[in-house]
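Examination of the molecular architecture
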Amino acid sequence: MVETCKKADLVFNLAGRNPLRPWLRQIPVRVFLDKDPAFTQIAHLRDNAARELALEHNAFFSLGANLGLEGCAVPDDGLPWQFTPHPIFLEAWPAAPSPRDGKFTTVMQWESYSAVEHEGQSYGLKAQSFPPYIDLPAGAAPIFELAVGSPEPLAAVEVTSPTAPRELLRQKGVGP
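The following paragraphs examine the structure supplied in this document. Along every chain, residues carry numbers that run from 1 in the direction the sequence is written. Under the rules for a predicted model, residues below a pLDDT of 70 receive no local features and side-chain atom pairs below 80 are neither given nor counted, while totals for whole chains, interfaces and linings still include all residues. Water and hydrogen atoms were dropped before computing side-chain values, which therefore reflect all heavy atoms in the structure.

**A few points about the overall build of the protein chain**
Rule in force here: Helix and strand labels come from DSSP, where a helix needs a run of H or I of at least four residues and a strand needs a run of E of at least two; each type is numbered from the N terminus. Radius of gyration here is computed from C-alpha atoms only, and the compact-globule reference equals 2.2 Å multiplied by the residue count raised to the power 0.38. Relative accessibility under 20% of the residue-type maximum defines a buried residue, over 50% an exposed one, and the middle range a partly exposed one, all with a 1.4 Å probe and only protein chains included. Whether two residues are in contact is decided by their heavy atoms: any pair within 4.5 Å suffices. Computed with the Shrake-Rupley method and a 1.4 Å probe, the accessible areas treat only the protein chains shown as cover for residues. The charge count treats Lys and Arg as positive and Asp and Glu as negative. His and the chain ends do not count. The atoms used to mark charge sites are NZ of Lys, CZ of Arg, CG of Asp and CD of Glu.
Helix and strand counts for the protein chain stand at six helices and eight strands. Ordered by position from N to C terminus, the α and β elements of the protein chain give α-β-α-β-α-α-β-β-β-β-β-α-β-α. The C-alpha atoms of the protein chain give 20 Å as radius of gyration, which overshoots the globular expectation for 176 residues (16 Å, by more than 25%). By its C-alpha atoms, the protein chain is 55 × 45 × 35 Å across when sized along the principal axes. When the 176 residues of the protein chain are sorted by exposure, 30% land in the buried category. Long-range pairs, those at least 24 residues apart, make up 53% of the contacts in the protein chain with a sequence separation of at least 6. Carbon and sulfur atoms make up 56% of the accessible area of the protein chain, which totals about 11700 Å². Here the protein chain contributes 15 positively and 20 negatively charged side chains, and the mean placements of these two sets differ by 6 Å.

Here you go:
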């Protein structure tokens, strides 16, 4: 592996979670891809170790389209982020006409980690941001379908719980 790395032009660190080993630091282009805008930048502002990990890279890309733009609520961690759209392997997603009775679908994790607060602004996950939309499916006919993962066994619970409230979502018209 070390010999292969000596010939490499690029190392790509998805989410920047792993430290770059010495043989990777010699690769000319070391890309950090931020998959969690706001959470990543706040970590760099609060945690010197996370920032040092990031600084081992020399190219910074994020799924956050508005990073660095005026009005963006994501804190500036001083790194030169560039936007990149979410990578999609198009051969696995061929274009096809939608069925007449098709649904809007999504697969999501209800709660991956804790919400954070930075300078009075709260940055949360689905569990914190979903409540204003909980009644939307009931007013839009049965066109929504949701696959929800969560860290604990599922039951009808309050929407603000880290456990996905599957029964409540079913009652509100999202999912089977």
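**Notes on the pattern of salt bridges**
Selection rule: Definition used for salt bridges: Asp or Glu carboxyl oxygen within 4 Å of a side-chain nitrogen of Lys or Arg.
On inspection of all chains with the given rule, the structure shows three salt bridges. Note that Asp36 is salt-bridged to Arg17, the shortest N-O span being 3.7 Å. Within this pair, whereas Asp36 is found in the loop between β2 (29-34) and α3 (39-46), its partner Arg17 is found in the loop between β1 (10-14) and α2 (22-25), the two being separated by 19 residues in sequence.

**With respect to the nonpolar core**
Definition in use: As used in this record, nonpolar core signifies buried Ala, Val, Leu, Ile, Met, Phe, Trp, Tyr and Cys residues forming a set joined through side-chain atoms within 4.5 Å.
Ranked by size, the top nonpolar core spans nine residues in total: Met108, Trp110, Ala127, Phe130, Ile134, Leu146, Val148, Ala164 and Leu169. If we skip the residues at most four places from it in the chain, Phe130 touches Met108, Trp110, Leu146 and Leu169. Residues Phe32, Leu67, Leu79 and Trp81 belong to the second largest nonpolar core, which totals six residues.

**A word on a nonpolar patch on the surface**
We apply this condition: Candidate patch residues must exceed 30% relative accessible area and have no salt bridge, after which like charges are joined if within 9 Å and Val, Leu, Ile, Met, Phe, Trp or Tyr side chains if within 5 Å.
On the surface, Leu10, Phe12, Leu14 and Val29 cluster together into a nonpolar patch covering about 370 Å² of accessible area. Per element, the largest residue contribution to the nonpolar patch is three residues, and it comes from β1. Following the sequence through the fold, Leu14 ends up in strand β1.

**Here's the deal with the sheet that holds β2**
Filter applied, for reference: The pairing criterion for strands is at least two bridges between them, as found by DSSP.
Pairing is parallel across the open sheet formed by four strands, whose spatial order is β1-β2-β3-β4. Single-partner strands in this sheet number two, and they are β1 and β4 (82-83). The sheet contact formed by β1 and β2 spans five bridges and is parallel. Paired with Leu10 across the two strands is Val29, which belongs to β2.

**Considerations on unusual backbone geometry**
Excluding glycine, residues mostly have negative phi values, and the peptide bonds linking residues are mostly trans. With a phi angle near 75°, Ala15 is a residue other than glycine that sits in the positive phi range. Its location among the elements puts Ala15 in the loop between β1 and α2. With relative accessibility at 14%, the residue Ala15 sits in the buried group. For Ala38, which is not glycine, the phi dihedral falls at a positive 85°. If you trace the backbone, Ala38 turns up in the loop between β2 and α3.

**Concerning the packing of aromatic side chains**
Going by this rule: Two rings belonging to Phe, Tyr or Trp (six-membered ring only in the last case) form a pair when the distance between their centres is within 6.5 Å. Interplanar angles under 30 degrees mark stacking, angles over 60 mark edge-to-face geometry, and anything in between is tilted.
Counted according to the given criterion, the structure contains three aromatic pairs. Relative to Trp81, the ring of Phe60 lies with its centre 5.5 Å away and its plane at 75°, an arrangement referred to as edge-to-face. With Phe60 in strand β3 (residues 59-62) and Trp81 in the loop between β3 and β4, the pair connects residues that are 21 residues apart, well separated along the chain. Of the two residues, Phe60 and Trp81, both sit in the buried class. An aromatic cluster of three or more residues is present, and its members are Phe32, Phe60 and Trp81.

**With respect to the side chain of Glu56**
For Glu56, the location among the structural elements is in the loop between α4 (48-54) and β3. Looking at Glu56, the relative accessible area reads 19%, which means it is buried. Setting aside chain neighbours within four positions, we find Glu56 in contact with Pro19, Leu20, Arg25 and Arg30.

**Regarding the side chain of Gln41**
Along the chain, the position of Gln41 falls in helix α3. The exposure class assigned to Gln41 is buried, which follows from its relative accessible area of 0%. Residues contacting Gln41, with those up to four places away along its chain left out, are Asp34, Asp36, Leu67, Val74, Pro75, Asp77 and Trp81.

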